[in-house]
Amino acid sequence: MGLALHCIANVGSREMAEAFAGEIPKILVAGDTMDSVKQSAALCLLRLYRTSPDLVPMGDWTSRVVHLLNDQHLGVVTAATSLITTLAQKNPEEFKTSVSLAVSRLSRIVTSASTDLQDYTYYFVPAPWLSVKLLRLLQCYPPPEDPAVRGRLTECLETILNKAQEPPKSKKVQHSNAKNAVLFEAISLIIHHDSEPNLLVRACNQLGQFLQHRETNLRYLALESMCTLASSEFSHEAVKTHIETVTNALKTERDVSVRQRAVDLLYAMCDRSNAQQIVAEMLSYLETADYSIREEIVLKVAILAEKYAVDYTWYVDTILNLIRIAGDYVSEEVWYRVIQIVINRDDVQGYAAKTVFEALQAPACHENLVKVGGYILGEFGNLIAGDPRSSPLIQFNLLHSKFHLCSVPTRALLLSTYIKFVNLFPEVKTTIQDVLRSDSQLKNADVELQQRAVEYLRLSTVASTDILATVLEEMPPFPERESSILAKLKKKKGPSTVTDLEEAKRERSADINGGPEPAPASASATSTPSPSADLLGLGAAPPAPVGPPPSSGGLLVDVFSDSPSAVAPLAPGSEDNFARFVCKNNGVLFENQLLQIGLKSEFRQNLGRMFIFYGNKTSTQFLSFTPTLICSDDLRANLSLQTKPVDPTVDGGAQVQQVVNIECVSDFTEAPVLNIQFRTLHPALVDRTVPSDRQWSPARPWRYGGTFQNVSVKLPITLNKFFQPTEMASQDFFQRWKQLSNPQQEVQNIFKAKHPMDTEITKAKIIGFGSALLEEVDPNPANFVGAGIIHTKTTQIGCLLRLEPNLQAQMYRLTLRTSKETVSQRLCELLSEQF
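Going along each chain's sequence as written, the residues are numbered from 1 onward. The model is predicted, so local features are restricted to residues of pLDDT at least 70 and side-chain atom pairs to those at 80 or more, both for listing and for counting; the totals for chains, interfaces and linings are taken over all residues. Side-chain metrics rest on all non-hydrogen atoms present in the structure, leaving aside hydrogens and water.

Asker: Just to check I follow, could you spell out helix H6 (residues 74-90) for this structure?
Answerer: Residue pairs spaced three or four apart in an α-helix point in one direction, given the helix's 3.6 residues per turn. Helix and strand definitions follow DSSP, with helices as H or I runs of at least four residues and strands as E runs of at least two, each counted in order from the N terminus. The length a helix should cover is 1.5 Å for every residue beyond the first. End to end, H6 covers 25 Å across 17 residues, agreeing with the expected 24 Å (1.5 Å per residue, within 8%). Burial analysis of H6 places 15 of its 17 residues in the buried class, which makes it a mostly covered element. Partly exposed residues are those whose accessible area sits between 20% and 50% of the maximum for their type, while under 20% is buried and over 50% is exposed, using a 1.4 Å probe and protein chains only.

Asker: Help me understand the side chain of His193, please; the structure alone is not making it clear to me.
Answerer: With respect to the helices and strands, His193 occurs in helix H10 (residues 173-193). In this structure, His193 is in contact with Leu138, Tyr141, Pro142, Pro143, Pro144 and Leu153, ignoring residues within four places of it in sequence. Whether two residues are in contact is decided by their heavy atoms: any pair within 4.5 Å suffices.

Asker: Help me out: how do you make sense of helix H18 (residues 312-326) in this one?
Answerer: Taking 1.5 Å of rise per residue, 15 residues should cover 21 Å, and H18 covers 21 Å from first to last C-alpha, within 8% of that figure. Within H18, 11 of the 15 residues are buried, which leaves it mostly tucked inside the rest of the structure. Listing the buried residues of H18 in full gives Tyr312, Trp314, Tyr315, Val316, Thr318, Ile319, Leu320, Leu322, Ile323, Ile325 and Ala326. Tucked into the core, H18 has its buried residues touching helix H16 (275-286), helix H17 (291-307), helix H19 (332-344), helix H20 (346-359) and helix H21 (367-380).

Asker: Explanation requested: the sheet that holds strand S9 (residues 673-680) in the structure shown.
Answerer: Strand pairing in a sheet takes place through backbone hydrogen bonds and is either antiparallel or parallel in direction. At least two bridges found by DSSP between two strands is the condition for calling them paired. Read from one edge of the open sheet, 3 strands run S6-S9-S10, paired in antiparallel fashion. In this open sheet, the two edge strands, each paired with only one partner strand, are strand S6 (622-630) and strand S10 (708-714). Averaged over neighbouring strand pairs, the angle between their axes works out to 15° when direction is ignored. Taken together, the 7 bridges between S9 and S10 define a ladder with antiparallel strand orientation. Across the sheet, the residue bridging to Gln677 is Asn710, located in S10. Orientation is described by lines fitted to C-alpha atoms, with helices fitted over the stretch in contact, and by angles between N-to-C directions that extend from 0 to 180 degrees.

Asker: Can you walk me through the sheet that holds strand S4 (residues 595-604) in this structure?
Answerer: With antiparallel pairing, the 5 strands of this open sheet are ordered in space as S3-S4-S5-S8-S7. Single-partner strands in this sheet number two, and they are strand S3 (586-591) and strand S7 (639-643). Between one strand axis and the next, the sheet turns by 25° as a mean value, whatever way the strands run. The sheet contact formed by strand S5 (residues 607-616) and strand S8 (residues 655-664) spans 9 bridges and is antiparallel. Across the sheet, Gly608 pairs through a bridge with Ile662, a residue of S8. Strand contacts of H17: S4 and S5, with the helix running at about 85° to S5, the strand carrying the most contacts.

Asker: Whenever I open this one, the packing of helix H9 (residues 147-165) against helix H11 (residues 197-210) confuses me. Can you help?
Answerer: Relative orientation and spacing of two packed helices are given, respectively, by the angle between their axes and the distance between those axes. It is the contact of H9 with H11, at a shortest axis distance of 11 Å, that shows an interaxial angle of 20°. Classified by the angle their axes make, H9 and H11 are roughly parallel. The two elements H9 and H11 cross, and the hand of that crossing is left-handed. Between H9 and H11, the contacting residues are Thr154, Leu157, Glu158, Leu161, Asn162, Ala164 and Gln165 on the first element and Asn198, Leu199, Arg202, Ala203, Gln206 and Gln209 on the second. Under the scheme applied here, ten amino acids are nonpolar (Ala, Val, Leu, Ile, Met, Phe, Trp, Tyr, Cys and Pro), four are charged (Asp, Glu, Lys and Arg), and all others, including Gly, are polar. Taken together, the residues that form the contact of H9 with H11 break down as 5 nonpolar, 6 polar and 2 charged. Throughout this description, any angle smaller than 35 degrees is read as roughly parallel, any larger than 145 degrees as roughly antiparallel, any in the 65 to 115 degree range as roughly perpendicular, and the remainder as oblique. Crossing handedness: left-handed means the near helix sits turned counterclockwise from the far one by under a right angle, and right-handed means the same turn made clockwise.

Asker: Is there a simple way to explain the packing of aromatic side chains in this structure?
Answerer: The description of two aromatic rings rests on the distance between their centres and on the angle between their planes. Under the pairing criterion, centres of Phe, Tyr and Trp rings, with the six-membered ring standing for Trp, must be within 6.5 Å; the plane angle then separates stacked pairs below 30 degrees from edge-to-face pairs above 60, leaving the rest tilted. Per the stated rule, a full pass over the model turns up 19 aromatic pairs. Between Phe396 and Tyr418, the ring centres sit 4.9 Å apart and the planes meet at 70°, which makes this aromatic pair edge-to-face. Highlighted residues: Phe396 in helix H22 (residues 392-403) and Tyr418 in helix H23 (residues 408-424), separated in sequence by 22 residues. Each of the two residues, Phe396 as well as Tyr418, counts as buried. Put simply, the rings of Tyr614, Phe622, Phe625 and Phe678 touch in pairs and so form one group of aromatic residues.

Asker: What is the right way to read the pattern of salt bridges from this model?
Answerer: Side chains bearing opposite charge may pair, as long as their charged atoms lie close to each other. Salt bridge, as used here: a side-chain nitrogen of Lys or Arg that lies within 4 Å of a carboxyl oxygen of Asp or Glu. If you walk through the whole model with that rule in mind, you get 31 salt bridges. In this structure, Glu93 and Lys96 form a salt bridge, with 3.1 Å as the shortest nitrogen-oxygen distance. The residue Asp264 makes a salt bridge to Arg261 at a minimum N-O spacing of 2.6 Å. Of this pair, Asp264 and Arg261 both sit in helix H15 (residues 256-269), 3 residues apart, which is roughly one turn of the helix. The same class applies to Asp264 as to Arg261, namely buried. One connected set of salt bridges, linked through shared partners, spans Arg261, Asp264, Glu296 and Lys300.

Asker: Just to check I follow, could you spell out the nonpolar core for this structure?
Answerer: Within soluble globular proteins, side chains that are nonpolar generally end up buried alongside one another. Counting residues in each nonpolar core, the largest one holds 174 residues, and the members touching the most others are Val65 and Leu322. Not counting residues up to four positions away in its chain, the partners in contact with Val65 are Leu28, Val29, Leu83, Ile84 and Phe95. Counting 58 residues, the second-largest nonpolar core is a separate cluster that includes Phe581, Leu589, Phe625 and Phe678. Buried Ala, Val, Leu, Ile, Met, Phe, Trp, Tyr and Cys residues that are joined via side-chain atoms within 4.5 Å together make up what is termed a nonpolar core.

Asker: How do you make sense of the environment of Leu599 when you look at a structure like this?
Answerer: Inspection of the secondary structure assignment puts Leu599 in strand S4. Take Leu599: its relative accessible area is 4%, and that puts it in the buried class. Here Leu599 is in contact with Phe581, Asn585, Asn586, Gly587, Leu589, Met610, Phe611, Ile612, Leu715 and Pro716, once residues within four sequence places are set aside.

Asker: Please explain the packing of H21 against H23 as it appears in this structure.
Answerer: Relative to each other, H21 and H23 sit at 20°, their axes nearing to 8 Å. Considering their axes alone, H21 and H23 lie roughly parallel with respect to each other. Classified by chirality, the crossing of H23 by H21 is left-handed. Between H21, through Glu367, Val370, Lys371, Gly374, Tyr375, Leu377, Gly378 and Glu379, and H23, the contact on the second element is made entirely by Thr410, Leu413, Leu414, Thr417, Lys420, Phe421 and Leu424.

Asker: Where do I start with the pairing of strand S14 (residues 784-791) in this structure?
Answerer: Every other side chain in a regular strand lies on the same face of the sheet, so the side chains alternate between the two faces. Counted residue by residue, S14 has 7 buried out of 8 residues, so it is predominantly covered. In this sheet, S14 lies alongside strand S11 (residues 723-725) in antiparallel orientation, the contact comprising 3 bridges. Residue pairing for S14: Pro725 is matched across the bridge by Gly788. Judged from the 3 bridges that link them, strand S13 (residues 772-774) and S14 form a sheet pairing that is antiparallel. Note on S14: the bridge partner recorded for Leu774 is Val785. The sheet contact formed by S14 and strand S15 (residues 796-806) spans 8 bridges and is antiparallel. Paired with Gly788 across the strands is Cys799, a residue of S15. The hairpin turn running from S14 into S15, its antiparallel successor, is 4 residues long.

Here's what the structure looks like:
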């Protein structure tokens, strides 16, 4: 029977559940069933329930299976606890009687000596697996209502906490693992019940001791558990006492996942008493934070600054500092929220105008700062116009000096600011009209900019002062809504983490500072504000389409459409340029008579960031400029690439930048392809002469002609970019070299030298490849030896290499040994091409 149950569980199909789901419960609760069969039946039923829960009937057996928790055989109790826990999650009422039995069994285990349960004692810890399962079962229910059961459970939890303070009975790691597994599950139950202040504070103090433990996993688990403890009114103050330890973890931890949990804990423990300290620490960490968590930190800083701002001048300073430090990661929701709060609070408007004016004077400003500055000065620039240092003309010249560096949506916002200035400052009206009247605005290739320039120019010319004041009046306060920043953070983290924490924090701090969320400044109440955030409230610009417009089907239409054609084959010389970047990160990747592509990259462990610079070498514009990264399905599974869009129009002689965030998930062999498609503008086609039978308008410009360009190059993102060099002594190197002696772990290549065999150049290339160059390790001083670790999200792969040059034969022998054959092969291919 036991063999049959094992077979059914291993197959675990729906057909098996249909045939046996009604019989197995009977075997499980039968009085004459052997213990080993009961154990197998419980696990078999658990497998079938997970596969097909609808086919496992609830019946009389459910009340009887609970009593297996009292079985004398601990193997049966362990299997039954797993089954009951899974069933109770879906049907809590059916199994609520299990609470008292689970507490009783747990009490007997916790209070027993390690010699009492010899067969189930693991390194002096009695029945740790069963203890963990019982504690998890109890987390399916609220605290027991029966005072006797509740008191007995409290006694059990106190005993577990007391044992954690005792000296270890063994120095073996298995002892500490088992002991800590029970402890952390007990703490999870204490947090789940959230009803015993004494236990919560003791749990917090115990976790605080783990924050400085030498074991990384314990530090991670302690931070994660304290995040939940911080939301309890009983333990929040106790958690706050560890703020110095947590902030120190941000600066010293090597593991990014531990640093991320430290950020989460700082966010959770923040309140009005420590908000400024925590926000300052998070801003300081943001400058060196890993790319994968920067956006989340930005959102948290923005939420905390808004929520606990007693002085709103501090809030404005914090957000502007946030944009300065991590402007690329400041989402639209963040700078929208600044505008909302400034508009809704009269007491901060003058300070905000003065602060953004000063911030914009920096030589290099992030585009998000220009957006915030343009919006605020357009609304409240008059509040600082009395100072000669910030006169209306100076404000305008300062904003206009940033105009040519910005994307189309930001330019649209600045044009709206200019027309606001016409109303606020009549003395600069002529200057602004000259700008709006210029060919770069009235004949702009972008429809939105062109239309705004034409309409604003006309409005400033024909409208009376009263009409201008009415149309361009100050934006009204925004209606109350939930902060979109908080909504975005909830969406990013998931409802089971941030939402519960936020709700708990709301109960502790009833008043949430800051203005409410605005409705978008457009006719539709349901649309999302565009990045141009229309200052006039006359309707936001329609969002740019994500993909190419669909073809209308006609051949003539296709000739003039901007939809991308098929990806071009790799450009001549692309492979050679690709090979040059294997051992370097910066330089020119591609260049022809029209376009230059430059790269600047940085990599750290399994993460990287690449800046791609597209330079227009002609005197005319590139239109519909669309760079696309193309990856095969295999590459996409092993290499995560996130790109930011670029301006579709590149002016003559100008350069635009694109940022690519990179994460190595697993080892890979291919490289992504960068495809650039654009249309060049022929100078003779700038003329806008309109046929007499058709009226031209800014909203319906004529389509430019020109030559369609399609360029593809391989992007040099290779496996060796995720190398971390490792220094090793000679003895350690050869000991590790012998350990990697399996044929599958070694790849060797003997090849003819393609370049002069210069020792210094060879050293530079090995270091540029990513490995550490180990001196005085190889018995032959002419050989080159290197060591390093390839970091991926899923694993780390140690790598040793040895390069043996033969000057007389002008040949090399390259040997690579790693723990993974595909990695050895790929690294050997890449490095062999360098010599």
